[in-house]
Amino acid sequence: MMDTQDSPQTSPQAARRLEDIPRMPDADLMGSFGFTTQQRLAFQRTLSTQSAPLVRGRVLHLPVYFPCTPEAAHEVLVTRAKSFEKSPGFRVLLHYLAGQGLFTSEGSLWRTQRKMMSTLFQPQPIQQYADTMREVAERAADRMRDGDRIDVAHETTRIAMSVVGKALFDVDTFDEADALGGALTTALGWVNRNLATPALVAHVMGMDAAGALADRTSGRVRTWFQEAQQKLEAPFLLPGVRDPELLSAVRLVDDRIQRMIDDRRKQGLTRQDLLTKLLTAKDPEGESEHMSDKQVRDEAVTLFVAGHETTATALAWSMYLLARNPALLEKARAEADAFGDGPITKWDPSKLEFCTRVFREAMRLYPPLMMLPRRTLEPVEIAGYHLPAKTLVFVSIYSQHYREDAYPDPEKFDPDRWLPEREAERHRTSYIPFSAGPRFCIGIHFAMLEGPIVLATLLRRWRFDIDPTRVIGPDDFATLRPKGGVPAVVRAR
Ligand code: HEM
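Calculation notes
- Residues numbered from 1 in each chain as written.
- Predicted model: local features only at pLDDT ≥ 70, side-chain atom pairs only at ≥ 80, totals over all residues.
- Heavy atoms only, no water.
- Helix = DSSP H or I, 4+ residues; strand = E, 2+ residues; numbered from the N terminus.
- Rg over C-alpha atoms; globule rule 2.2 N^0.38 Å.
- Buried < 20%, exposed > 50% of the residue type's maximum accessible area, 1.4 Å probe, protein only.
- Contact = heavy atoms within 4.5 Å.
- Areas by Shrake-Rupley, 256 points an atom, 1.4 Å probe, with all protein chains shown as cover.
- Lys, Arg positive; Asp, Glu negative; His and termini not counted.
- Charge placed at Lys NZ, Arg CZ, Asp CG, Glu CD.
- Axes fitted to C-alpha atoms, helices over the stretch in contact; angles between N-to-C directions.
- Parallel < 35°, antiparallel > 145°, perpendicular 65-115°, else oblique.
- Left-handed = near helix turned anticlockwise from the far one by under 90°.
- Nonpolar A, V, L, I, M, F, W, Y, C, P; charged D, E, K, R; others polar.
- Near = heavy atom within 4 Å.
- Polar contact = N/O pair within 3.5 Å; in protein donor to acceptor, adjacent residues only side chain to side chain.
- Phe/Tyr/Trp six-rings, centres within 6.5 Å; stacked < 30°, edge-to-face > 60°.
- Lys NZ or Arg CZ within 6 Å of the ring centre and 35° of its normal.
- Donors = N, O, S within 2.8 Å, 3.2 Å for Na, K, Ca; no water.
- Expected span 1.5 Å × (residues − 1).
- Pairing = 2+ DSSP bridges.
- Salt bridge = Lys/Arg side-chain N within 4 Å of Asp/Glu carboxyl O.

J.: Would you take a moment to explain the overall build of the chain for this structure?
T.: The helix and strand tally for the chain stands at 19 helices and 10 strands. Taken over C-alpha atoms, the radius of gyration comes to 23 Å for the chain, in line with the 23 Å a tight globule of 493 residues would show. Taken along the three principal axes of its C-alpha coordinates, the chain extends 70 × 55 × 45 Å. When the 493 residues of the chain are sorted by exposure, 55% land in the buried category. Across the chain, contacts joining residues at least 24 apart in sequence account for 75% of those joining residues at least 6 apart. Approximately 21500 Å² of the chain is accessible, and the part contributed by carbon and sulfur atoms is 54%. One finds the centroid of the 64 positive side-chain charges in the chain at a distance of 2 Å from the centroid of its 65 negative side-chain charges.

J.: Sorry, what's going on with the packing of helix 9 (residues 179–194) against helix 12 (residues 244–266) here?
T.: Between helix 9 and helix 12, the least distance of the axes is 9 Å, while the angle of their chain directions is 135°. Considered as vectors, helix 9 and helix 12 are oriented oblique to each other. Between helix 9 and helix 12 lies a crossing whose hand is left-handed. Contacts between helix 9 and helix 12 pair A179, L180, A183, L184, T186, A187 and W190 from the former with E245, L246, A249, L252, V253, R256 and M260 from the latter. Split by residue class, the contact of helix 9 with helix 12 holds 11 nonpolar, one polar and two charged.

J.: Sorry if this is basic, but what is going on with the site of the ligand here?
T.: Lining the immediate environment of the ligand, one finds 25 residues, of which W110, R114, R374, R439 and C441 sit closest. Within the backbone of A306, an N or O atom sits 3.5 Å from a nitrogen atom of the ligand. For the ligand, an oxygen atom lies 2.9 Å from a polar atom in the side chain of R439. Put simply, the parts of the chain that give the shell around the ligand at least two residues each are helix 5 (107–118), helix 14 (293–323), strand 5 (371–376) and helix 19 (444–461). The element best represented in the shell around the ligand is helix 14, accounting for five residues. Classifying every residue of the shell around the ligand by side-chain character gives 16 nonpolar, five polar and four charged.

J.: What is the right way to read the packing of aromatic side chains from this model?
T.: Aromatic ring pairs are reported here in terms of the distance separating the ring centres and the angle at which the planes meet. Going through the model one piece at a time under the given rule, you end up with 10 aromatic pairs. Measuring from centroid to centroid gives 5.0 Å for F43 and F66, while their planes differ by 70°, and the two rings are edge-to-face. Note that F43 is positioned in helix 1 (residues 37–47) and F66 in strand 2 (residues 62–67), a separation of 23 residues in sequence. Since its relative accessible area comes to 1%, F43 is described here as buried. A relative accessible area of 0% means that F66 is categorised as buried. The structure contains a cluster of three or more aromatic residues connected by ring pairs, namely F43, F66 and F394. When the ring centre of Y407 is taken as origin, the NZ or CZ atom of R364, which lies over that ring, is 4.8 Å away.

J.: Any chance you could explain the coordination of the iron atom of the ligand here in plain terms?
T.: As a benchmark, a tetrahedral metal site with four donors has ideal angles of 109.5 degrees, while an octahedral site with six donors has ideal angles of 90 or 180 degrees. Of all protein atoms, just one serves as a donor to the iron atom of the ligand, and that atom is C441 (SG), at 2.3 Å. Relative to the helices and strands, C441 is located in the loop between helix 18 (420–423) and helix 19.

J.: How should I be thinking about helix 10 (residues 198–216) in this particular structure?
T.: Because each turn of an α-helix spans 3.6 residues, side chains separated by three or four positions in sequence point in the same direction. In a regular helix each residue adds 1.5 Å, so 19 residues correspond to 27 Å; helix 10 covers 27 Å between its end C-alpha atoms and thus fits that length. When helix 10 is considered as a whole, its buried residues turn out to be L200, V201, H203, V204, M207, A210, G211 and A214. In this structure, the buried side of helix 10 is in contact with helix 3 (89–93), helix 9 and helix 11 (219–231).

J.: Honestly, unusual backbone geometry in this entry has me stumped. Any pointers?
T.: Among all residues except glycine, the phi angle is most often negative; among peptide bonds, the trans geometry is most common. Its identity as a non-glycine residue notwithstanding, D409 has a phi of 55°, on the positive side. If you trace the backbone, D409 turns up in the loop between helix 17 (397–401) and helix 18. Classification of D409 as partly exposed rests on a relative accessible area of 45%.

J.: Sorry, what's going on with the sheet that holds strand 10 (residues 487–492) here?
T.: What links the strands of a sheet is backbone hydrogen bonding, and the strands pair in either a parallel or an antiparallel sense. Read across the open sheet, the three strands follow the order 4-10-9; overall the sheet is antiparallel. Looking along the sheet, the strands with just one partner apiece sit at the ends: strand 4 (149–151) and strand 9 (462–465). Adjacent strand axes in the sheet meet at a mean angle of 40° when their direction is disregarded. The sheet contact formed by strand 4 and strand 10 spans three bridges and is antiparallel.

J.: Sorry, what's going on with the pairing of strand 8 (residues 392–396) here?
T.: Along a regular strand, successive side chains alternate from one face of the sheet to the other. Most of strand 8 is tucked away: five of the five residues are buried. Taking every second residue as pointing to the same face, both faces of strand 8 are buried, with L392, F394 and S396 on one and V393 and V395 on the other. As paired elements, strand 2 and strand 8 share two bridges and run parallel to each other. Across the sheet, the residue bridging to Y65 is V393, located in strand 8. Relative to strand 8, strand 5 is paired through five bridges, and the arrangement is antiparallel. Counterpart to M371 in the pairing with strand 8 is S396.

J.: Explain the packing of helix 15 (residues 326–337) against helix 19 here, please?
T.: Running from N to C, helix 15 and helix 19 point in directions that differ by 95°, and their axes come no closer than 8 Å. It follows that helix 15 is roughly perpendicular to helix 19 by the angle criterion. For the pair helix 15 and helix 19, the contacting residues are L329, A332, R333, A336 and D337 in the first and A456, L459 and R460 in the second. Partitioned by chemical class, the residues of the contact of helix 15 with helix 19 number five nonpolar, no polar and three charged.

J.: How do you make sense of the pattern of salt bridges when you look at a structure like this?
T.: Any two side chains of opposite charge can pair, so long as their charged atoms come close to each other. Inspection of every chain in the model, using the stated rule, returns 32 salt bridges. A salt bridge links R45 to E411, with the nearest nitrogen and oxygen atoms 2.4 Å apart. Residue R45 is located in helix 1, and its partner E411 is located in the loop between helix 17 and helix 18; the two are separated by 366 residues in the primary sequence. On the accessibility criterion, R45 (25% relative accessible area) is partly exposed. Looking at E411, the relative accessible area reads 48%, which means it is partly exposed. A salt bridge links E106 to R439; the nearest nitrogen and oxygen atoms lie 3.4 Å apart. With a gap of 333 residues between them, E106 in the loop between helix 4 (95–98) and helix 5 and R439 in the loop between helix 18 and helix 19 connect regions that are remote in the sequence. For E106, a relative accessible area of 24% gives the class partly exposed.

Next up, the structure:
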């Protein structure tokens with residue numbers, strides 16, 4: 001589906017001039033502060049109508065380029081991926097919480113970790129979590145009563161948090177009521193409040209300036225700038241970073257995970273949870289030893305954070321979109337009912353084929369992460385243009401998903417777009433909810449197993465009366481959540 005093997009191709013035409021890249025004044029919105037989700041989405045819709053491979057805008061005084069066509073996005077994410085790093089803002093914000101986990105690390109650390117962890121996330125080993133996914137969804141359904149007023153988005157968050165909590169730490173009750181879940185929610189709230197703020201941009205600029213000065217100096221001065229750059233990897237200057245609630249949340253995460261690591265070691269590493277597997281994982285090529293406790297901690301928190309909010313968001317939109325399309329809802333219910341009283345469990349694509357297409361189409365319309373911010377590590381040619389080192393390039397997932405040439409009538413919720421023959425007609429980078437290339441989501445099989453199982457389990461058990469006339473828009477959050485949630489009344493079937 002998504003590979004990392006494409007070899008770079010050199011453009012046949014001579015390098016084009018950067019000034020010739022069409023400038024989109026709207027693109028500056030992406031770099032202005034206080035812009036709303038609606039403005040960001042409107043801009044990305046405009047992006048989806050462009051035929052030029054790249055357009056440009058500005059973040060403060062810096063130029064930023066947006067690949068518009070799937071071919072240009074493919075070059076950035078796949079064929080020229082080696083020439084890019086993730087833009088450092090996320091790394092800084094997640095420093096205390098996820099440290100050097102897979103999402104934020106770069107270079108050789110990332111390569112070794114990705115190799116070590118990839119084996120754990122292949123479709124086969126992931127199968128073992130299917131029962132957990134079903135059980136957690138059934139438990140959530142058990143708690144509901146006829147006539148209950150619920151927020152579907154809140155329920156799917158609890159479910160996804162419990163699933164990843166059980167898979168990672170083998171604990172049964174794991175939601176935001178749990179101390180660890182609560183602490184992670186507090187810390188994530190802080191990250192979210194600091195995303196795309198002037199303070200964060202200024203912080204990253206300071207870090208870059210220290211790096212640039214280190215490159216131009218020598219001796220003790222150089223060491224001083226290098227240390228300053230290193231220190232600025234931590235967000236110690238950002239607002240609220242010394243807030244006692246945040247500090248105690250991070251301390252609690254550290255303590256609890258360290259205690260779990262110690263327990264696993266005492267018990268002889270016999271459990272089947274991912275934490276134990278991280279502790280025993282080895283580089284398949286034997287180049288490195290086991291991970292340090294600190295690395296295991298960073299990876300565990302990263303998986304927890306990356307693994308629940310995204311899936312929960314996609315599930316909430318799936319339920320909402322089905323409610324607005326009664327015929328499709330009936331079809332999804334019929335698929336769930338076909339399991340009879342038996343468990344909706346082992347991954348059998350033919351049995352959850354329609355729910356899978358619903359889940360995929362929901363992620364097309366509302367990709368949980370809508371933008372992939374990147375920065376060039378070295379001069380690189382994209383779509384025939386030479387981009388210098390340290391150039392910002394933002395790949396919009398959202399705009400790819402709304403291109404009319406790939407998705408006629410793009411607003412329409414149409415799970416049939418995912419029939420194999422229709423999918424085969426599209427460029428593979430037209431659909432990138434999990435990104436593409438070497439940094440694509442390691443949890444893709446986990447999410448694609450969990451989404452359809454949870455969806456079918458809930459639909460089989462209850463009717464969720466969601467006002468089909470109520471239009472719910474996306475919210476301003478790290479993920480594209482439904483604004484105000486998805487209110488529903490639970491009804492017996
Ligand atoms: C519907 C659910 C999900 C969506 C839409 C999603 C989306 C993404 C995207 C777009 C990226 C790439 C970010 C970038 O390149 O800047 C990513 C990376 C990642 N995801 Fe997911 N994700 C989902 C579920 C999960 C799950 C269930 C897990 C783990 C249990 C997970 C773990 C990760 C990790 C560790 C990375 C970093 C991978 C690397 O850089 O090597 N994700 N995800």
